[in-house]
Amino acid sequence: MDRKIIVAGHISYDIMPQIYNTNGKNFAKLLKPGKLINIGRATVANGGAVNNTGMALHKFGANVELIAKVGDDEFGRQIIEKCEDKGAKTRFIKASGEDTSYTIVLAPPGFDRSFLHFTGTNDTFTFSDMDMEDIEDGYLFHFGYPTLMEGFYQNNAKELIEMYKNIKKAGLITSMDVAAIDPDSKAGRLDWKEILRNVLPYVDIFEPSFEELLCMVDNDAYTKLLERAGEEDVCMCLSLENDILPLAKKVMDFGVSVLLIKCGAAGMYLCTSKDASKKLGLGNEWDDFKYFQKSYKPDRIKSAIGAGDTAIAAFLYGVINDYKPKHAMEIASATGAMCITEYDTFSGLLDIKELENKIKNNWEIQNFIKE
């Protein structure tokens, strides 16, 4: 089945220094003024939603086209070259005189990753940069990280809402992922709950992380969750009944058809509307489906970077190939577990058949979620 997926949005050039074992110490406490920290070699790779989700779909054999904006600089040339060297189809917008986005990724073993990020051309990217004629022949449109792209979130996300209205009108299945918002940034001062109310009626599939979503919808509850977690990873102290289900119900009321909440090492939760099958052209089993998929135990852990994005790629692969929802969740969770076995987001991934065989061979499930 050759249904075209368009993956658009945020892209960056990622520099990931290898950080040695911190012996259980919070990495932030090790970063003291004047202190020298020995680190390992750096992995240099493409990053951002367009690369992580788009290139994973390409590896799975999907018909995927990548749309992002880069500058006419070395980072921009490297990004395009790395995608095209692997055979991916790209429609990158090359902005003369602008600088490509880059990110320094800090991913110490045992802790969630942190980022030093330069927004670059991601901020000047707008809906008008895209050619609707290139999009209209697609089957599914996925956009990643509008929360990091000023052109899409300024004016209360007017461009973002307009884009989804137009693409939904063109008849495509629409999908959206977001990224963490810096509370001190321009994006952090916006009412994201209201923005989601306005955009989600035009989004069929929404795939945020629990922490990102709670921060956008209920900042007071997010602050309390951080206090409750202390130095522990937020996703390791979540309750399905008390944390995840109430948040999912609140967001489903905004009008989205399929909500996939990524919960880190704990797993992911899927919730669908009563008419999801009609809206997405899927089987009736997609209607009013609710299920928490626990995570698979990774063979090893090198870096958590891109795990959520690649899990989304596997889930979308399941959607376009008419998988049942539980099957789509299994390959999504399994892909996330494979992604973290390498420092980059691509080389650790298995193709779908290999992944399914690994699952069938009694791949160990982790039980971190609190009921």
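Here the residue index of a chain counts from 1 through its sequence in written order. Where totals are concerned, whole chains, interfaces and linings use all residues; where local detail is concerned, this predicted model gives features only for residues with pLDDT of at least 70, and gives and counts side-chain atom pairs only at 80 or more. With hydrogens and water stripped out, all remaining heavy atoms of the structure feed into the side-chain values.

Q: Please provide a residue-by-residue account of the overall build of the protein, values included.
A: Elements are defined by DSSP. Helices are runs of H or I of four residues or more, strands are runs of E of two residues or more, and each kind is numbered from the N terminus. Broken down by element type, the protein carries 13 helices and 15 strands. With the radius of gyration taken over C-alpha atoms, the globule rule is written as 2.2 Å times the number of residues to the power 0.38. The C-alpha radius of gyration computed for the protein amounts to 19 Å, which stays within 12% of the reference 21 Å derived for 371 residues, consistent with globular compactness. The rule is simple: take the accessible area with a 1.4 Å probe, protein chains only, and divide by the maximum for that residue type; under 20% is buried, over 50% is exposed, in between is partly exposed. Looking at the protein as a whole, 55% of its 371 residues qualify as buried. In this description, contact between two residues means that some pair of their heavy atoms is separated by no more than 4.5 Å. Counting contacts in the protein only where the partners sit at least 6 residues apart, residues at least 24 apart contribute 73% of the total. Of the charged side chains in the protein, 43 are positive and 55 negative, and the gap between their average positions amounts to 4 Å. Residues counted as positive are Lys and Arg, residues counted as negative are Asp and Glu, and His and the chain ends are not counted. Every charge is mapped to an atom, namely NZ of Lys, CZ of Arg, CG of Asp or CD of Glu.

Q: Describe the sheet that holds strand β14 (residues 267-272), and please don't skip the residues or the numbers.
A: Pairing between the strands of a sheet comes from backbone hydrogen bonds, and it takes one of two forms, parallel or antiparallel. In spatial order, the strands read β6-β4-β1-β10-β11-β12-β13-β14-β15; together these nine strands make up an open sheet with mixed pairing. Taken across any chain shown, the strands that pair with only one partner, and hence form the sheet edges, are β6 (89-90) and β15 (290-294). Two strands qualify as a pair provided that DSSP identifies no fewer than 2 bridges between them. Of the strand pairs in this sheet, strand β11 (residues 173-177) and strand β12 (residues 205-206) are connected by two bridges, and their pairing is parallel. In the strand pairing of β12, Ser175 is matched with Ile205. The angle between two axes is taken between their N-to-C directions and runs from 0 to 180 degrees, where each axis is a line fitted to C-alpha atoms and a helix contributes only its stretch in contact. Strands in contact with helix α12 (residues 325-339) are β13 (258-262), β14 and β15; relative to β15, the strand with the most contacts, it is inclined by about 25°.

Q: Go over empty space enclosed by the protein with me, naming the residues and quoting the values.
A: Note on definitions: the grid is 1 Å and covers protein atoms alone; a cavity is a set of points where a 1.4 Å probe fits but cannot get out; a pocket is an open set with protein on both sides within 12 Å along at least five of seven lines; lining residues have an atom within 4 Å of a point. Grid points are joined across faces, edges and corners, and a volume is the space filled by probe spheres set on the points. Counted under the stated rule, the structure contains one cavity of 30 Å³ or more. Roughly 70 Å³ of internal volume is contained in the largest cavity. A per-class count over the lining of the largest cavity returns six nonpolar, two polar and one charged. Three residue categories are used. Nonpolar comprises Ala, Val, Leu, Ile, Met, Phe, Trp, Tyr, Cys and Pro, charged comprises Asp, Glu, Lys and Arg, and polar comprises the others, including Gly.

Q: Outline the environment of Ser114, listing residues and values.
A: Inspection of the secondary structure assignment puts Ser114 in strand β9 (residues 114-118). Taking relative accessible area as the criterion, Ser114 reaches 40% and is therefore assigned partly exposed. Distance in space between the C-alpha atoms of Ser114 and Ile305 is 9.4 Å, their sequence separation being 191 residues.

Q: Break down the packing of helix α11 (residues 307-320) against α12 for me, citing the residues and quoting the values.
A: Think of two packed helices as two axes; the pair is described by the angle between the axes and how far apart they sit. Look at α11 against α12: their axes get within 7 Å of each other, and the N-to-C directions meet at 150°. In terms of orientation, α11 lies roughly antiparallel with respect to α12. The two elements α11 and α12 meet at a crossing, and its hand is right-handed. Here Ala307, Thr310, Ala311, Ala314, Phe315, Tyr317 and Gly318 of α11 lie close against α12, whose contacting residues are Ala328, Met329, Ile331, Ala332, Thr335, Gly336 and Cys339. Across the contact of α11 with α12, the residue classes tally to 10 nonpolar, four polar and no charged. Angle categories are assigned with fixed cut-offs, so that under 35 degrees is roughly parallel, over 145 is roughly antiparallel, 65 to 115 is roughly perpendicular, and the rest are oblique. The sense of a crossing depends on the near helix, which, turned anticlockwise from the far helix by less than a right angle, makes the crossing left-handed and, turned clockwise, makes it right-handed.

Q: I'd like a rundown of the pairing of strand β1 (residues 4-9), residues and numbers included.
A: For β1, the buried fraction is high: six of the six residues fall into the buried class. The alternating pattern of β1 places Lys4, Ile6 and Ala8 and Ile5, Val7 and Gly9 on opposite faces, both of which are buried. Relative to strand β4 (residues 63-67), β1 is paired through five bridges, and the arrangement is parallel. In the strand pairing of β4, Ile5 is matched with Val64. Note that β1 and strand β10 (residues 140-144) share five bridges and pair parallel. Paired with Ile5 across the strands is Leu140, a residue of β10.

Q: If you had to explain the environment of Asp253 to someone new, which residues and values would you point to?
A: Note on placement: Asp253 falls in the loop between α9 (240-252) and β13. Between the alpha carbons of Asp253 and Arg197 there is a distance of 8.7 Å; along the sequence they are 56 residues apart.

Q: Any chance you could break down the environment of Phe206 for me, citing the residues and the numbers?
A: With respect to the helices and strands, Phe206 occurs in strand β12. Under the relative-accessibility criterion, Phe206 is labelled buried at 0%. Expressed as a C-alpha distance, the spacing of Phe206 and Val256, which sit 50 residues apart in the sequence, is 7.0 Å. Non-local contacts of Phe206, meaning those with residues more than four positions away in its chain, are made with Met176, Val178, Leu196, Leu200, Leu213, Val251, Val256, Val258, Leu259 and Leu260.

Q: Pulling in residues and values, what's your account of the sheet that holds β9?
A: Read across the open sheet, the four strands follow the order β3-β2-β8-β9; overall the sheet is mixed. Bordering the open sheet on either side are β3 (42-47) and β9, each of which pairs with just one other strand. Recorded for the sheet is a direction-independent mean angle of 20° between the axes of neighbouring strands. The pairing of strand β2 (residues 12-17) with strand β8 (residues 102-106) spans three bridges and is parallel. Following the sheet pairing, Ile15 is matched in β8 by Ile104.

Q: Outline the pattern of salt bridges, supporting the account with residue identities and numerical values.
A: A pairing counts as a salt bridge when a side-chain nitrogen of Lys or Arg comes within 4 Å of a carboxyl oxygen of Asp or Glu. If you walk through the whole model with that rule in mind, you get 22 salt bridges. In this structure, Lys69 engages Asp129 in a salt bridge whose closest nitrogen and oxygen atoms are separated by 3.5 Å. In this pair, Lys69 sits in strand β5 (residues 69-71) while Asp129 sits in the loop between β9 and α4 (132-136), placing the two residues 60 residues apart along the sequence. Lys69 gets classed as buried once you look at its relative accessible area, which sits at 7%. A salt bridge links Arg300 to Glu342; its shortest N-O distance comes to 2.5 Å. Of this pair, Arg300 sits in the loop between β15 and α11 while Glu342 sits in the loop between α12 and α13 (352-360); the two residues are 42 residues apart in sequence, bridging distant segments of the chain.

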